[in-house]
Amino acid sequence: MATVETEALVLRTYNFGEADKIVVVLSQAAGVVRGVANGCRKLKSRFGAALEPFTLTKLTWYEKENKELVSLRQAEIIKSHFDLSSQAETLTGLAYMGDLVIEFSPPHEANDNLFRLVNACLEAIDQAPADIQLVLRYFEIWLLRLQGYLPDIRRCGECHQEFTDTSGIFLNQNLVMRCRSCSQGQGSAVSRKLQIQMRATQKVAPQNFVKASHEVPASVHRELAELTQQLIGRVLERQPRLRSTFQSSVAFEVQAPVQS
Ligand SMILES: [Zn+2]
């Protein structure tokens, strides 16, 4: 049996047996991991308190070869986001974020950029819960990018010419963005303002993206939400086939905020 000690963010839990839970975490050392926490539902269990969803914990587990479920042994709270769970909309948004991480991440595959992204987004939600939808758009764009599914937003996927202020951009069925001439106007049009908004996600930390987004018209927020939904929908439809062939090649360069 091997012991692993790592920072991990609890994504989802299920009750199991009389007093146990199945816990799904995003860990720094091993990516998405599923484990059994024995006895953690007993009254006043500190172990259980550290395994509430969206808690960042210092987690220790044992793993056996060829067993998908690890055995969770110790959990210490590093940062609790418990205060966020009182608002229904926030809770729904967090659960959505956790589900996307699970859907997009092959189990037991460490991804430090993804780990930092999720923690930075949680911090941003902590600071401005009312802006959770803006943080979720930022998260979606980065998740797509880190997993290799974000189309190139700077140049045409066919003729490779850089998009200019006047080029129309059209997204085709294969998630490729093309110029007007290559696409001949086929596919969904991407507005200039949306391009600028998408680029903004690549340059700044989530808090700053949220602040800058307050200046952006609601129509652009809707357009961005529609685009990310479209991209995520198509990726999830075909993900099993592509899962092993796509590798993240970009770094999540934005510094995660310092925890207070
Ligand atoms: Zn082109």
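(A) Local environment of the environment of alanine 130. Locating alanine 130 in the fold gives a position in the loop between α3 (112–127) and α4 (132–146). Taking the C-alpha atoms as reference, alanine 130 lies 19 Å from leucine 117; in sequence the two are 13 residues apart.

(B) The arrangement of the domain arrangement of the protein chain in detail. What the domain assignment reports for the protein chain is domain 1 (1–84) and domain 2 (111–260). Contact residues are listed per partner, giving 9 residues for domain 1 and 10 residues for domain 2. Here the side of domain 1 that touches domain 2 is composed, by residue class, of 5 nonpolar, 3 polar and 1 charged.

(C) Looking closely at the nonpolar core. Counting 62 residues, the largest nonpolar core has Leu9, Val25, Leu26, Val118, Cys121, Val135 and Phe139 as the members making the most contacts within it. Here this core gets 11 residues from one element, more than from any other, and that element is α4. If we skip the residues at most four places from it in the chain, cysteine 121 touches Met97, Val135, Tyr138, Phe139 and Pro206.

(D) Summary view of the environment of glutamine 197. Take glutamine 197: it is sitting in helix α6 (residues 192–203). Sequence spacing of glutamine 197 and lysine 64 is 133 residues, and the spatial spacing of their C-alpha atoms is 46 Å.

(E) Focus on the packing of α3 against α4. Relative to each other, α3 and α4 sit at 175°, their axes nearing to 10 Å. Judged on the interaxial angle alone, α4 and α3 are roughly antiparallel. Here Asn113, Leu114, Leu117, Cys121, Ala124 and Ile125 of α3 come into contact with α4, specifically with Ile132, Val135, Tyr138, Phe139, Trp142 and Leu146. Of the residues in the contact of α3 with α4, the class split is 11 nonpolar, 1 polar and no charged.

(F) Representation of the pairing of strand β3 (residues 31–37). Within β3, 5 of the 7 residues are buried, which leaves the element mostly enclosed by the surrounding structure. The sheet contact formed by strand β2 (residues 20–27) and β3 spans 7 bridges and is antiparallel. Along β3, the bridge assignment pairs leucine 26 with valine 32. The hairpin turn running from β2 into β3, its antiparallel successor, is 3 residues long.

(G) Here's a closer look at the environment of glycine 93. Inspection of the secondary structure puts glycine 93 in helix α2 (residues 88–104). Judged by the 20 C-beta atoms lying within 10 Å of it, glycine 93 is buried. Spatially, the C-alpha atom of glycine 93 lies 7.4 Å from that of leucine 136, the residues being 43 residues apart in sequence. The contacts of glycine 93, once residues within four sequence positions are left out, are Ile132 and Leu136.

Rules behind the numbers
Residues numbered from 1 in each chain as written. Predicted model: local features only at pLDDT ≥ 70, side-chain atom pairs only at ≥ 80, totals over all residues. Helix = DSSP H or I, 4+ residues; strand = E, 2+ residues; numbered from the N terminus. Domains from an automatic or database assignment. Contact = placed C-beta atoms within 7 Å. Nonpolar A, V, L, I, M, F, W, Y, C, P; charged D, E, K, R; others polar. Core = buried A, V, L, I, M, F, W, Y, C linked by C-beta atoms within 7 Å. Buried ≥ 20, exposed ≤ 12 C-beta atoms within 10 Å, placed from the backbone. Axes fitted to C-alpha atoms, helices over the stretch in contact; angles between N-to-C directions. Parallel < 35°, antiparallel > 145°, perpendicular 65-115°, else oblique. Pairing = 2+ DSSP bridges.

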